[in-house]
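Analysis of the macromolecular model
Listed below are the residues making up each chain.
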Amino acid sequence: MAELENPNLMPKLITFLSSLLQKVADSNDLNRQFQPQKISVFHGLSRPTISIQSYLERIFKYANCSPSCYIVAYVYLDRFAQSQPALPVNSFNVHRLLITSVMVAAKFMDDIYYNNAYYAKVGGISTIEMNFLEVDFLFGLGFRLNVTPNTFHIYCSYLQREMMMQQPPLNLAESSINLGKSLKLHLCFNEDETSHQQQQLAV
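Observations concerning the side chain of serine 68
- Its place among the elements puts serine 68 in helix 3 (residues 68-83).
- At 3.1 Å, the side chain of serine 68 and the side chain of serine 66 are in polar contact.

The structure is reproduced here in C-alpha cells:
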C-alpha cells in the first residue's frame, strides 16, 4: 500500500489508470449503439480532443494533491459506476468524472487543497460547471466519501498486482471498475464483507 503512494511510482500509476479508463470508455461507447445511456451533467457535447492520459497527467501536474487521492478517486469512480448503472463511463463524460473525483478526493483526504475555481481551470471548465459537477457527483455517491483502510488496501493491492504485470487487464471483466449495465460481467469490490473478497457479479 505504501509503495503505491511513493511519488516516484505516480507516473506509472497515472499511465495504468488512464489505460484502464480508456478501455472502459471505448467499450461503453460501442455499447451506446445497443443500450440507451442516460445523459448527465458530466456529458460533453462532443468528445474532448485531449486524451485521457494527457488529461490525467495535467491533473497530476497542477493539482498537487497527495498520491493517495488518486487511489481514493479511483474508489469513488467505482462507487459512482455501481450506484449509477445508467451512467456508464464513456468518452463523453470520463474527463469531467476524473477532475471531479480527484477534487472531491483531495478535499476529503488532504488538509490543504485548491478551491473549485482552481480545479475548474485545471480541468478546462467553468467554475459554475465545476460546482454543479461536484454536487451531482456527491449525490451520485450518496455522500459515501469515507474509504476504510481495508478498502484502500484492496484497491491498492489490485492496482499493484496489475501494474506489476506491466499492462492493464486484457479483459474488462477482470477490471475492478464497474462498467454498469453496458457490460454483462464486471468485477467489483464488496466493501461490506469482512473477508474483503472480490466477487464476480452478473449484471
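Concerning the pattern of salt bridges
- Under the defined criterion, the tally for this structure stands at three salt bridges.
- The partner of arginine 96 in a salt bridge is glutamate 129, and the shortest N-O contact between them spans 2.6 Å. Of this pair, arginine 96 sits in helix 4 (residues 94-109) while glutamate 129 sits in helix 6 (residues 127-141), and the two are 33 residues apart along the sequence.
- On the basis of relative accessibility, which here comes to 22%, the residue glutamate 129 falls in the partly exposed class.
- Two residues, lysine 107 and glutamate 134, come together in a salt bridge whose shortest N-O distance is 2.8 Å. Note that lysine 107 is positioned in helix 4 and glutamate 134 in helix 6, a separation of 27 residues in sequence.

As for the confidence of the model for the protein chain
- Averaged over all residues, the pLDDT of the protein chain is 79; the fraction at 70 or higher stands at 74%.
- This model gives residues 172-190 a pLDDT under 50, and the stretch forms 76 contacts once residues within four places in sequence are excluded.
- This model gives residues 193-203 a pLDDT under 50, and the stretch forms 28 contacts once residues within four places in sequence are excluded.

Quick notes on the packing of helix 1 (residues 10-31) against helix 7 (residues 149-164)
- Where helix 1 contacts helix 7, the axes come no closer than 11 Å and their chain directions differ by 90°. Regarding the angle of helix 1 to helix 7, the classification is roughly perpendicular. Packed against helix 1, whose contacting residues are Lys12, Leu13, Phe16 and Leu17, the element helix 7 presents Tyr158, Leu159, Glu162 and Met163 at the interface.

Quick notes on the nonpolar core
- Among the nonpolar cores identified, the biggest contains 54 residues, and Ile59, Tyr70, Tyr76, Leu98, Tyr119, Phe137 and Leu159 are the most heavily contacted of them.
- Those elements that provide at least two residues to this core are helix 1, helix 2 (52-63), helix 3, helix 4, helix 5 (116-123), helix 6 and helix 7.
- Ranked by the residues each element gives to this core, the list is headed by helix 3, at ten residues.

Procedures and definitions
Residues numbered from 1 in each chain as written. Predicted model: local features only at pLDDT ≥ 70, side-chain atom pairs only at ≥ 80, totals over all residues. Heavy atoms only, no water. Helix = DSSP H or I, 4+ residues; strand = E, 2+ residues; numbered from the N terminus. Polar contact = N/O pair within 3.5 Å; in protein donor to acceptor, adjacent residues only side chain to side chain. Salt bridge = Lys/Arg side-chain N within 4 Å of Asp/Glu carboxyl O. Buried < 20%, exposed > 50% of the residue type's maximum accessible area, 1.4 Å probe, protein only. pLDDT = per-residue confidence, 0-100. Contact = heavy atoms within 4.5 Å. Axes fitted to C-alpha atoms, helices over the stretch in contact; angles between N-to-C directions. Parallel < 35°, antiparallel > 145°, perpendicular 65-115°, else oblique. Core = buried A, V, L, I, M, F, W, Y, C linked by side-chain atoms within 4.5 Å.

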